[in-house]
Amino acid sequence: MNIQNYINGQFVNPIHNEWLNNYNPAKGEVYSQIPNSTIEDVEMAYKSAKSAFKKWSLTSLEERSRILIKISELLEENLQQFAEAESLDNGKPIWLAKAVDIPRAASNFRFFANAITQFASESHESVGHNAINYTLRQPIGVVGCISPWNLPLYLFSWKIAPAIAAGNCVVAKPSEVTPMTAFLLSEICIEAGLPKGVLNIVHGLGTTTGQAIVEHPGIKAISFTGGTVTGAHIAKVAAPMFKKLSLELGGKNPNIIFADCDYDDMLTTTVRSSFANQGQICLCGSRIFVEDSIYEKFKTDFVKKVKTLKVGHPSATETKVGALVSKPHLEKVLSYVKIAKGEGGKVLCGGNQLTIKGSENGYYMEPTIIEVKTDECRVNQEEIFGPVVTIMPFSSEEEVLQMANKVKYGLSATLWTNDLKRTMRMSNQLQVGIVWVNTWMMRDLRTPFGGVKDSGVGREGGFEALRFFTEPKNVCIKY
Ligand code: NDP
């Protein structure tokens, strides 16, 4: 099956008729072809977006909202098909795509359909000067949305929904590794009656198609989620053109466990925050710090539980951990096990590639726990983005806070404790954009989402996203 670009409301082949292989990671086999789009395809998408902009920006909020809700409903109606497609493309268990990825993509559209009807701007009366200021929030124009492979439709829709709700037209690129659900979304957009040109999806490589979007002088804002190195490169290209930028980048998140926590709840959630989606979530708690009084008990219980996680084909209902997204990624993750051993880390479980019967060429790996001697080692500092976590003990709040903050990333942190004062002290001082206390990845779409330090610039979510996708303009009237 060939995936096509979605430009000006239609499916089109890439102008140069060049194609890339798309792999099924569970089998390690090519199963479809995707456009290897070039700068010319991006130009065509840009022109289509530009010509649709005026009309779309003047379309009533009720009408924009109605179309976004229709997209959301169609996603829900086609849940099974989308979940299977996401799993086939990414390697994640089908049940996970069905329970999380696709419902979340649908709720992203529904949420921003409603949010835009509640979004308000400000007015400021200049008392004593007989003047009033009001601030218009106007759509930017044509914007670029670029997303990664780990939560393909979920993160793609997290950008597209607020962008179009706010009245912009979009040129978007999903990861070349997981393009399928973005392609299926184009079909739904047609069915939902989204006017042609409002959303244009161009498939291809980051370094060519993605780069062309970032370099395009007419694309005034870029919303990007991906790796920190790519983010830094995008910032460099976009800065001289003064583009608005939202960068959601990598993480190396601490999971801090105090002895006074609700132990069973913590243990169950920690297994999930370590290995959900094969550990390929930017929010995974990949550095586990445990208070020394419960360290040995935690170590035994955690290893025991992790050893029971079933690694297998994504379509099997009992599979808890599916395939990693690609061969190069599997190799990268495995290389960190070697690095860990080289720097004195002890592999407590896992550490190896796995062969699954019937899917011998798939990219499977055992969930891996590494006990590290120091928080400064590479496996504890660098983002691995796979089913690998480190654990080490700590003896005081000050010590763990220092270790938690001593990385270049600052996306999220999880804290397990029942001490309210400690919760407040730690939450204030953790250098991250999101703190979860006694839970993990509980999301309310109204809250600001994003990180500090090398984890990015700007926030997505709620009105933050609508602020990003609009330009404020102040009007001052003297009366
Ligand atoms: P990459 O940075 O490699 O790619 C992200 C996207 O950018 C892809 O669509 C990619 O295309 C594209 N891209 C690559 N190079 C360029 C370029 N020069 N110009 C424009 N676009 C480009 O990240 P991954 O896809 O490997 O995703 C994993 C990373 O994403 C991890 O670091 C993870 O932490 C981060 N992430 C962050 C999240 C957050 O909210 N903070 C959430 C989820 C993931 P292609 O794939 O086709 O090369």
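Here, the structure is the one placed above.
Residues numbered from 1 in each chain as written. Predicted model: local features only at pLDDT ≥ 70, side-chain atom pairs only at ≥ 80, totals over all residues. Heavy atoms only, no water.

A. How the structure looks around the pairing of strand S17 (residues 368–371). Judged by which residues are buried, S17 turns out to be covered on both faces: Thr-368 and Ile-370 on one side and Ile-369 and Glu-371 on the other are all buried. As judged from the three bridges shared by strand S14 (residues 346–349) and S17, these two strands associate in the antiparallel manner. Following the sheet pairing, Val-347 is matched in S17 by Ile-370. The pairing of S17 with strand S18 (residues 388–394) spans four bridges and is parallel. By the bridge assignment for S18, Ile-370 is matched with Thr-390. (Buried < 20%, exposed > 50% of the residue type's maximum accessible area, 1.4 Å probe, protein only. Helix = DSSP H or I, 4+ residues; strand = E, 2+ residues; numbered from the N terminus. Pairing = 2+ DSSP bridges.)

B. The sheet that holds strand S13 (residues 287–291), seen in detail. The seven strands lie next to each other as S14-S17-S18-S13-S12-S20-S21, forming an open sheet whose pairing is mixed. Where the open sheet ends on each side, the last strands, each with one partner, are S14 and strand S21 (434–437). With direction set aside, neighbouring strand axes in the sheet form an average angle of 25°. (Axes fitted to C-alpha atoms, helices over the stretch in contact; angles between N-to-C directions.)

C. Local environment of a negative patch on the surface. Taken together, Glu-73, Glu-77, Glu-187 and Glu-191 make up a surface patch of like negative charges. Where the negative patch is concerned, the elements lending two or more residues are helix H2 (61–77) and helix H6 (180–192). Its location among the elements puts Glu-187 in helix H6. (Patch = residues over 30% accessible without salt bridge, like charges linked within 9 Å, V, L, I, M, F, W, Y side chains within 5 Å. Areas by Shrake-Rupley, 256 points an atom, 1.4 Å probe, with all protein chains shown as cover. Salt bridge = Lys/Arg side-chain N within 4 Å of Asp/Glu carboxyl O. Lys, Arg positive; Asp, Glu negative; His and termini not counted. Charge placed at Lys NZ, Arg CZ, Asp CG, Glu CD.)

D. The packing of aromatic side chains, seen in detail. Using the criterion set out here, one finds eleven aromatic pairs in the structure. Summarising the aromatic geometry, the rings of Phe-111 and Phe-112 are spaced 4.9 Å apart at their centres and angled 90° between planes, so their arrangement reads as edge-to-face. Each member of the pair Phe-111 and Phe-112 is classed as buried. Taken together, the ring pairs connect Phe-111, Phe-112, Trp-158 and Phe-449 into an aromatic cluster. Seen from the ring of Trp-158, Arg-104 lies directly overhead, with NZ or CZ sitting 5.7 Å from the centre. (Phe/Tyr/Trp six-rings, centres within 6.5 Å; stacked < 30°, edge-to-face > 60°. Lys NZ or Arg CZ within 6 Å of the ring centre and 35° of its normal.)

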